[in-house]
Amino acid sequence: MLFRSLAQPVLDLLQVNARSVGLSFNEQKTEVILFSHKRPDMTQITQINMNGKDIPFTDQTRYLGLILDKTLSFLPHIKEKIAKTKKCLLVMHSLVRKKWGPSPRILRLAWLTIARPKLTYGAHVWRHKITSQRQLDKLTQVHRLALTMLAPTHRSAPTAGLELIWQSQPLDLTLEQIALKTYMRIYSKIRPVCNNMNGHISILYNQLASYDLAELVKLSDRINIKNLDRHFSLRDFKTFKLNTSETPGVIQVYTDGSLINKKAGCGVFIDYGNREYSGLEHLGSCASVFQAEIVAIDRAADVLMNSSNQHIVFKSDSQAAIRALTNKTVKSSLVKGCAQKLNELCSTNKVELQWIKAHVGLFPNEKADQLAKHGAKFTVDGCEPWLPVPHKSLEQRLNFLIKSKWQRLWTNNPECRQTKDALPSVWSSTLKYFNTYTRLVAGQAIQFITGHGNFKRHQSLRGETDDPTCRICLEEEDETPRHLLLECPGTQWLRRKICGKFRLQKYPRIGTTLSFATSDLVASILTGLL
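**Q** If you had to explain unusual backbone geometry to someone new, which residues and values would you point to?
**A** Positive phi outside glycine occurs at Leu 72, with the angle close to 55 degrees. One non-glycine residue, Asn 309, lies in positive phi territory at about 55 degrees. Mapping Asn 309 onto the fold places it in the loop between helix 11 (289–303) and strand 10 (311–316). Relative accessible area serves as the criterion here: at 72%, Asn 309 is assigned to the exposed category.

Next up, the structure:
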């Protein structure tokens, strides 16, 4: 009775307000769900009604693509998303066979852009609910189904090794990464929450804090403002691209930004006609080149702020900075501040922006470039960041931390011994090779890297043969990828040709290893022709 006395007046008021603007609610599409970890006695709860009809109670409902259950466990949602992703992958599997089908590059792109988004949608809301090993195993199964689709793979090939080969990090890390990136993107629009709350917003904040990124997110320069007033104008490039000289009396402002050894600086060169001004500034190690370009224009505007009745032209070789200052939507607090200063300068002057080509021998622009480089090389004491943190920089930092976490998992993994020989680091650049392979060649390379393939040692472990001895050298050595690549006498001519040595002590770089793995001799072993 208490529920009805509280909810019914609110629902009636909503209907009255809707009718006042010509709208109505559909009672057939309306459901009531009680969010509680307890089990309420539904016989003691009176239903509320809409348009004279009772609205049914339900245990779960769908809202904005998410399935909300009464305990907010999100288990029904996770289960459905895994099922839909599997169904999509099975359809893709039906399009490929061992020797024909789309290339591995196209299939990997299909996984990343078609199948995986079905699973990761809304991850920032429900990702923290994946806590049990059973749920993690189901994610691993989905990921394995996707990776075995990319190329012919032995059924015993380790999933962790395939993840590294295809540079597709474990799904639980991917979900965490997407969730945290979403939080960083919408942070400026989120209402503050109490520290003692356990909602997904607080959980995401605590996860960012564990990566030492929570405070940096607060300093992010990301905003979203539309239709910002601008009183300055943009010169047409085609009209002025050949005009290197200006009308007498025009103040020409050349600005530039630079990034050297991960340290940024900006430079300003102003030609008044009868005198010149040069300035530079060091912006620290947290600023980007784009920010340096914007700050250069901002600092030049400060210098000219006392001017009046002048024609001022800001010339920059950064298209990104020019477009950001003239776009209708502003996404950076630095751009907003710079645009406002240019507007203030416009109150007593005529101000124009012009894009110019870089490094074409224009002395004032080269002078601004030199000043920016000198500014980047300066060493200034102080606590950084001095500028709002670029959103892109935060994302790159998060990517690095997530990949470092993947590296720790890979290093501590007690399995995948043979794959670790070839790929000890998750930063190995395997994709640039596998993206050029056909399905058959990619499958052979995977067999060689993982050791799970048509090698006599692997066949003996599976009970397919009693003799693991190398079929090439016929010595008392097991036939494994390591033996063939490093020490087999029968492949020393191939080693000499590819690696430059008759004998190796350890695995060479991944490019050299793959050249050996995809050679005709190794291919004949893996395809059973030898």
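**Q** Before we move on, could you go through the packing of helix 3 (residues 104–120) against helix 5 (residues 133–150) and cite the residues and values that matter?
**A** Two elements in contact, helix 3 and helix 5, have axes separated by 9 Å at closest approach and are oriented at 155 degrees. As summarised for this structure, helix 3 and helix 5 are arranged roughly antiparallel, according to the angle between their axes. With respect to the hand of their crossing, helix 3 and helix 5 are arranged in right-handed fashion. Along the contact surface, helix 3 presents Pro 104, Leu 107, Arg 108, Trp 111 and Leu 119, while helix 5 presents Leu 139, Val 142, His 143, Ala 146, Met 149 and Leu 150. Looking at the contact of helix 3 with helix 5, its residues break down into nine nonpolar, one polar and one charged.

**Q** Break down the packing of helix 18 (residues 439–450) against helix 22 (residues 510–517) for me, citing the residues and quoting the values.
**A** The interhelical angle for the contact between helix 18 and helix 22, taken along N-to-C directions, is 115 degrees, at an axis separation of 9 Å. One element, helix 18, and the other, helix 22, form an angle in the roughly perpendicular class. Classified by chirality, the crossing of helix 22 by helix 18 is right-handed. Mapping the contact onto sequence places Ala 445, Phe 448 and Ile 449 in helix 18 and Ile 510, Thr 513, Leu 514, Phe 516 and Ala 517 in helix 22.

**Q** Tell me about the pairing of strand 10, and please be specific about residues and values.
**A** With respect to burial, strand 10 is a largely interior element, five of its six residues being buried. Summarising the sheet, strand 10 and strand 12 (residues 350–355) pair through six bridges and their orientation is parallel. Among the inter-strand pairings, Lys 315 is bridged to a residue of strand 12, identified as Gln 354.

**Q** Can you break down helix 22 residue by residue, with the values?
**A** Taken across its eight residues, helix 22 has six buried, putting it largely inside the fold. Within helix 22 the residues assigned to the buried category are Ile 510, Gly 511, Thr 513, Leu 514, Phe 516 and Ala 517. Packed against the buried residues of helix 22 are helix 16 (417–422), helix 17 (431–434), helix 18, helix 20 (481–486), helix 21 (492–499) and helix 23 (520–526).

**Q** Break down the pattern of salt bridges for me, citing the residues and quoting the values.
**A** All chains considered together, the criterion is met by 17 salt bridges. Residue Lys 373 is joined to Asp 369 by a salt bridge in which the shortest nitrogen-to-oxygen separation is 3.4 Å. Of this pair, Lys 373 and Asp 369 both sit in helix 14 (residues 363–377), four residues apart, which is roughly one turn of that helix. Measuring nitrogen to oxygen at the nearest pair gives 3.2 Å for the salt bridge that ties Arg 462 to Glu 464. The partly exposed category is assigned to Arg 462, whose relative accessible area is 38%. In this structure, a network of salt bridges that share partners links the residues Glu 281, Asp 298, Arg 299, Asp 302 and Lys 341.

**Q** Tell me what's going on with a positive patch on the surface, and back it up with residues and numbers.
**A** Taken together, the side chains of Arg 185, Lys 189, Lys 226 and Lys 331 present a region of like positive charge at the surface. Of note, Lys 331 is situated in strand 11 (residues 329–332).

**Q** How would you sum up a negative patch on the surface? Please name residues and give values.
**A** Side chains of Glu 475, Glu 476, Glu 477 and Glu 487 sit close together on the surface and give a patch of like negative charge. For Glu 487, the location among the structural elements is in the loop between helix 20 and helix 21. Accessibility expressed as a relative area gives 30% for Glu 487, which makes it partly exposed.

**Q** So what's going on with the side chain of Gln 8? Which residues, and what values?
**A** Looking at the element boundaries, Gln 8 is found in helix 1 (residues 2–20). At a separation of 3.0 Å, a polar atom in the side chain of Gln 8 contacts the main-chain amide nitrogen of Asn 49. Ignoring sequence-local partners within four residues, the contact set of Gln 8 consists of Ile 48 and Asn 49.

**Q** Outline the nonpolar core, supporting the account with residue identities and numerical values.
**A** Residues Leu 89, Trp 111, Trp 126, Trp 166, Leu 208, Phe 434 and Ile 449 are the most contacted members of the largest nonpolar core, which totals 82 residues. Among the elements that make up this core, the one with the highest residue count is helix 7 (residues 171–186) (seven residues). When near neighbours in sequence (up to four residues on either side) are disregarded, Leu 208 contacts Leu 180, Tyr 183, Met 184, Leu 213, Ala 214 and Val 217. Core analysis: the next-biggest nonpolar cluster, separate from the first, contains 37 residues, Leu 228, Tyr 272, Ala 287 and Ala 300 among them.

**Q** Lay out a nonpolar patch on the surface in plain terms, naming residues and giving numbers.
**A** On the surface, Leu 280, Phe 378, Val 380 and Trp 386 cluster together into a nonpolar patch covering about 340 Å² of accessible area. On the basis of relative accessible area, Leu 280 is assigned to the partly exposed category, the value being 35%.

**Q** A description of the sheet that holds strand 12 should follow, citing residues and the corresponding values.
**A** Strands sit in the order 6-12-10-7-8-9 across an open sheet of six strands; the sheet is mixed. Each having just a single partner strand, strand 6 (233–234) and strand 9 (276–284) make up the two edges of the open sheet. Bridge analysis of strand 7 (residues 250–260) against strand 8 (residues 263–271) gives nine bridges, and the strand direction is antiparallel. Residue pairing for strand 8: Gln 252 is matched across the bridge by Asp 271.

Reading the values: rules and limits
- Numbering of residues begins from 1 in every chain and follows the order in which that chain's sequence is written.
- Only residues with pLDDT of 70 or above have their local features reported here, since the model is predicted, and side-chain atom pairs are shown and tallied only from 80 upward, although totals for entire chains, interfaces and linings are computed over all residues.
- Only hydrogens and water are set aside when side-chain values are computed; all heavy atoms of the structure are taken into account.
- Numbering of helices and strands starts at the N terminus; helices are DSSP runs of H or I of at least 4 residues and strands are runs of E of at least 2.
- Throughout this description, buried means an accessible area under 20% of the type-specific maximum (1.4 Å probe, protein chains only), exposed means over 50%, and partly exposed covers the range between.
- Each axis is a line fitted through C-alpha atoms, taken for helices only over the stretch in contact, and angles between the N-to-C directions span 0 to 180 degrees.
- Throughout this description, any angle smaller than 35 degrees is read as roughly parallel, any larger than 145 degrees as roughly antiparallel, any in the 65 to 115 degree range as roughly perpendicular, and the remainder as oblique.
- Each helix crossing is assigned a hand: it is left-handed if the near helix lies turned anticlockwise from the far helix by less than a right angle, otherwise right-handed if that turn is clockwise.
- Every residue pair with non-hydrogen atoms within 4.5 Å of one another is taken to be in contact.
- Following the grouping adopted for this structure description, the nonpolar residues are Ala, Val, Leu, Ile, Met, Phe, Trp, Tyr, Cys and Pro, the charged ones are Asp, Glu, Lys and Arg, and the polar ones are all others, Gly among them.
- Only strands that DSSP links by at least two bridges are regarded as paired with each other.
- Salt bridges, as used here, are contacts in which a Lys or Arg side-chain nitrogen is within 4 Å of a carboxyl oxygen on Asp or Glu.
- Patch membership requires over 30% relative accessible area and the absence of a salt bridge. Like charges are linked within 9 Å, and nonpolar side chains (Val, Leu, Ile, Met, Phe, Trp, Tyr) within 5 Å.
- Values of accessible area rely on a 1.4 Å probe in the Shrake-Rupley scheme; residue burial ignores everything except the protein chains shown.
- Two residue types count as positive, namely Lys and Arg, and two as negative, namely Asp and Glu; His and chain ends fall outside the count.
- The atoms used to mark charge sites are NZ of Lys, CZ of Arg, CG of Asp and CD of Glu.
- In the analysis that follows, any N or O atom pair within 3.5 Å is treated as a polar contact, provided that within protein one partner can donate a hydrogen and the other can accept it, and provided that, for residues neighboring in sequence, both atoms belong to side chains.
- What we call a nonpolar core is a set of buried Ala, Val, Leu, Ile, Met, Phe, Trp, Tyr and Cys residues that are connected through their side-chain atoms within 4.5 Å.

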